Amino acid sequence: MVTCPGCALLCDDIEVVVENNRIKETRNTCRRGAARMKGCVNRLAPSVAQKPDDIENAIKKAAAILQNAKSPMLFGWSNSTCEAQLEGIQLAKKMSAIMDDTSSFCQGLLIERILQKKFRTCTLDDIRNKADVLVYWGSDAQDSQPRHLSRFSYFPRGELRQRGYEEDRIAIAIDVRESNTAKICKGHFYRIPPKGDREFILALMDALSGKVPAYEPKKMLELAAILKKAEFGAIFVGLGLTYSIKDDFDILIPLADKLPNFNIMPMVGHYNMRGFNEALFKETGFVNRVKFDGKAIHDSRYSIVEALRKSIDALLVVGSDPLSSLPRSVIPHLANIPVICIDPCVTLTSKIAAVTIPCAVSGVETGGSTVRMDGKRVELSKCIESNYLNDKEILARLMEAL
Amino acid sequence: MVTVMELYRLLPGTNCKKCGESTCMAFAVALLSRKKNIPECIPILLENFKKQKEKLELLLLPSAGAEETGMIIHPELCTGCGNCVVACPVDVANDPRGAAVGCAPTNDKVIFKVKDGKVVALNIKECRRFGKNRVLCYACIDPCPAGAIEFV
Ligand code: SF4
Ligand code: SF4
Ligand code: SF4
Ligand code: SF4
């Protein structure tokens, strides 16, 4: 049994058939996981100034770029092992660098509050064993974490849920579109207008307090009645909800307080985003957007989007592709500073990078620790041999070279 | 998905009853549900129906890949989510510690497994739609948002 690094469910019941040091077949992974485990479409090669070079030179050149920078930034981290993340944090401290990860424009707000214990939460195993009411809110788990419903939330039988999903569990979807998850939730799909989450939350709180809500009173009262009856509920908070209420995120806290039998679960995409958030939180008290300067300073100026616009003069990217995931408006800034890219695969970002350093594929060519979306630690395995350094080793070499 | 009408239009349309059905339409229904095979319509074997016969064979071809229960899996639609693996009552009964609780199947008695990210069907004769006490089970079709499983 090995672990799939395809998403933050980190399914650890995977079998692989290895032939000639290649993964020939995966068993039990979803399609996304199978693609991930079978490797990159195009493997990254070491390069300096857009010309092929050897890995030693690439590391040397990367160290020189970082050393010459007045305000370097280290970004990525959600596709790296915990070991590499810790090494990265040490590197950031040593260089007084700015550090941010993909949670900055993803689930950072929610994970921070979970680590601050502002929400009740539980493990995915608790959900499988006990949950009777599931709310997928702004989350299309079926597409983003394909085995979520089958492994943990809706379909499996659990200790207190022995009779199967039709009798034992109620699945509810709240979303702006009828996603694949919403299709499964059939009779319990609540469609909301874009950015309508705030209004929905306020109306639901009214309904839970026995007031007649202003918004869709009949549906809200019906939903409130289902939620109140829950013995063990879970709200899966997806990116859709987090984005929609990001300016007033704490509005979720009084709602959670009104639902004492419910737990909040952050729906994380990248396999070790939570790992990075936990590591940085432990070190600094913040989950992302920090600058190390003797102590750690947290500010929205240090988010990747803001930092690219203003302050930084070199960017180290580890296991991420900001060029394809960030808003267009910051892309010209990316092109104006030296970018160092550590990744197993060719990405849009690697194509513009001043230095590229290929690394081993975590969970396939190298092992390491990771943190599942619910905070459980899961080990990745090494399935095949490889000559590539892993990202932790590369970061350690960079540290030495500085 | 082939319809009865498509099949019917290709039959001789004489309602001669040689196939054992009372009308060509009834025979078309029987063809679709795999209770009858094309050669049981004696007239269609004649040379002048050659084209129609070939077309019929072509139409029924995709389901020739179907198991006797009539199950067809469309691998190109399947996302490997495993909902069917966990929801199928046969899998639940035959693998209480694996498929039933959401984990990878622990034995070979289950109907569904996922390989390379796509579902494959084994032990299809165990399916509740098959055999003497068959029931019209939808437990693998309903949980599949991709529409990757169908019965013909
Ligand atoms: S759900 Fe995620 S972790 Fe599980 S097999 Fe699919 S991609 Fe891999
Ligand atoms: S044998 Fe052929 S032509 Fe005659 S009734 Fe049956 S289907 Fe129609
Ligand atoms: S057939 Fe449907 S339910 Fe089964 S694994 Fe494929 S997509 Fe999921
Ligand atoms: S029809 Fe029912 S018994 Fe047959 S494979 Fe599907 S879920 Fe299993």
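Residues numbered from 1 in each chain as written. Chains lettered and ligands numbered in written order. Predicted model: local features only at pLDDT ≥ 70, side-chain atom pairs only at ≥ 80, totals over all residues. Heavy atoms only, no water.

We now examine the overall build of chain B. When its secondary structure is counted, chain B shows five helices and four strands. Beginning at the N terminus, the succession of helices and strands in chain B can be written as α-α-α-β-α-α-β-β-β. For chain B, whose C-alpha radius of gyration is 19 Å, the value lies well above the compact-globule estimate of 15 Å for 152 residues. Structurally, chain B occupies a C-alpha span of about 55 × 30 × 20 Å along its principal axes. Long-range contacts, defined as pairs at least 24 residues apart, comprise 50% of the intrachain contacts of chain B with a sequence gap of at least 6. Carbon and sulfur atoms form 55% of the exposed surface of chain B, whose accessible area is close to 8,100 Å². In chain B, which carries 20 positive and 16 negative side-chain charges, the distance between the mean positions of the two groups comes to 5 Å. (Helix = DSSP H or I, 4+ residues; strand = E, 2+ residues; numbered from the N terminus. Rg over C-alpha atoms; globule rule 2.2 N^0.38 Å. Contact = heavy atoms within 4.5 Å. Areas by Shrake-Rupley, 256 points an atom, 1.4 Å probe, with all protein chains shown as cover. Lys, Arg positive; Asp, Glu negative; His and termini not counted. Charge placed at Lys NZ, Arg CZ, Asp CG, Glu CD.)

Let us look at the pairing of strand 18 (residues 377-380) of chain A. All names here are of chain A. Of the two faces of strand 18, the one lined by V378 and L380 is fully buried and the one lined by R377 and E379 carries no buried residue. Relative to strand 18, strand 17 (residues 368-371) is paired through four bridges, and the arrangement is antiparallel. Each bridged residue has a counterpart across the sheet, and for G368 the counterpart in strand 18 is L380. (Buried < 20%, exposed > 50% of the residue type's maximum accessible area, 1.4 Å probe, protein only. Pairing = 2+ DSSP bridges.)

This part takes up the nonpolar core. Inside soluble globular proteins, nonpolar side chains tend to come together where they are buried. Formed by 65 residues in total, the largest nonpolar core has its most connected members in I127, Y136 and Y154 of chain A together with F112 of chain B. Here this core gets four residues from one element, more than from any other, and that element is helix 4 (residues 83-87) of chain B. Within the second largest apolar cluster, 37 residues are counted, among which are V135, I192, M220 and A230 of chain A. (Core = buried A, V, L, I, M, F, W, Y, C linked by side-chain atoms within 4.5 Å.)

The next thing to look at is the confidence of the model for chain B. Confidence in the prediction for chain B averages 89 pLDDT; 93% of positions are at 70 or higher. Taking the mean pLDDT of every element in chain B, the minimum, 79, falls on helix 3 (residues 50-64) of chain B and the maximum, 97, on helix 4 of chain B. (pLDDT = per-residue confidence, 0-100.)

A few words now on the site of ligand 1. Close contacts around ligand 1 come from C4, G6, C7, L9, L10, C11, T29, C30, R32, G33, P146 and R147 of chain A, and that covers them all. Tallied by class, residues from the shell around ligand 1 come to seven nonpolar, three polar and two charged. (Near = heavy atom within 4 Å. Nonpolar A, V, L, I, M, F, W, Y, C, P; charged D, E, K, R; others polar.)

Neighbouring ligand 3 are C78, T79, G80, C81, G82, N83, C84, V119, C144, A146, A148 and I149 of chain B. Across the shell around ligand 3, the residue classes tally to eight nonpolar, four polar and no charged.

Moving on to the pattern of salt bridges. Residue and element names in this part refer to chain A. For the structure on display, the rule yields 28 salt bridges over all chains. We note a salt bridge from R27 to E15, for which the minimum N-O separation is 3.9 Å. In this pair, R27 sits in strand 2 (residues 22-27) while E15 sits in strand 1 (residues 15-19), placing the two residues 12 residues apart along the sequence. Residue E15 is classed as partly exposed on the basis of its relative accessible area, which comes to 31%. The partner of K211 in a salt bridge is D206, with the nearest N and O atoms 3.7 Å apart. Each member of the salt-bridge network shares a partner with another, and the members are D125, R128, R372 and D374. (Salt bridge = Lys/Arg side-chain N within 4 Å of Asp/Glu carboxyl O.)

The grouping of M5, M25 and V29 of chain B at the surface amounts to a nonpolar patch, some 230 Å² of accessible area in total. Within the element layout of this structure, M5 of chain B appears in helix 1 (residues 4-10). (Patch = residues over 30% accessible without salt bridge, like charges linked within 9 Å, V, L, I, M, F, W, Y side chains within 5 Å.)

Pairs of aromatic rings are described using the distance from one ring centre to the other and the angle between the two planes. All names here are of chain A. Counting across every chain of the model gives nine aromatic pairs over all chains. Ring centres of F75 and F105 lie 6.5 Å apart, and the angle between their planes is 25°; this geometry places the pair in the stacked category. Remark: F105 occurs in the loop between strand 6 (98-101) and helix 4 (108-115) and F75 occurs in strand 5 (residues 72-76); sequence separation between them is 30 residues. By relative accessible area, which is 0% here, F75 ends up buried. Ring centres of Y136 and F236 lie 4.9 Å apart, and the angle between their planes is 25°; on these two criteria the pair is classed as stacked. Here Y136 is found in strand 7 (residues 133-137), whereas its partner F236 is found in strand 10 (residues 233-237), with 100 residues between them in sequence. (Phe/Tyr/Trp six-rings, centres within 6.5 Å; stacked < 30°, edge-to-face > 60°.)

All names here are of chain A. With the rule as written, the count across this model stands at one disulfide over all chains. Paired through a disulfide, C40 and C345 show a sulfur-sulfur distance of 2.1 Å. Around the S-S axis, the bridge from C40 to C345 shows a dihedral of about -70° and counts as left-handed. Of the two residues, C40 is situated in the loop between helix 1 (31-37) and strand 3 (47-48) and C345 in the loop between strand 15 (339-343) and helix 18 (348-352); the sequence distance between them amounts to 305 residues. On the basis of relative accessibility, which here comes to 21%, the residue C40 falls in the partly exposed class. (Disulfide = S-S within 2.5 Å.)

Before going further, it helps to examine the sheet that holds strand 11 (residues 262-266) of chain A. All names here are of chain A. Strand order in the open sheet made by the five strands is 9-8-7-10-11, with parallel pairing throughout. Because the sheet does not close on itself, it has two edges, and the strands there are strand 9 (189-191) and strand 11. Neighbour-to-neighbour, the strand axes of this sheet turn through a mean angle of 15°, independent of strand direction. Alignment of strand 8 (residues 170-175) against strand 9, held across three bridges, turns out to be parallel. Paired with D175 across the two strands is R191, which belongs to strand 9. Docked against the sheet, helix 4 engages strand 10 and strand 11, running at close to 130° with respect to strand 11. Against the sheet, helix 10 (residues 197-208) makes contact with strand 7, strand 8 and strand 9, and its axis sits at roughly 150° relative to strand 7, the strand it touches most. (Axes fitted to C-alpha atoms, helices over the stretch in contact; angles between N-to-C directions.)

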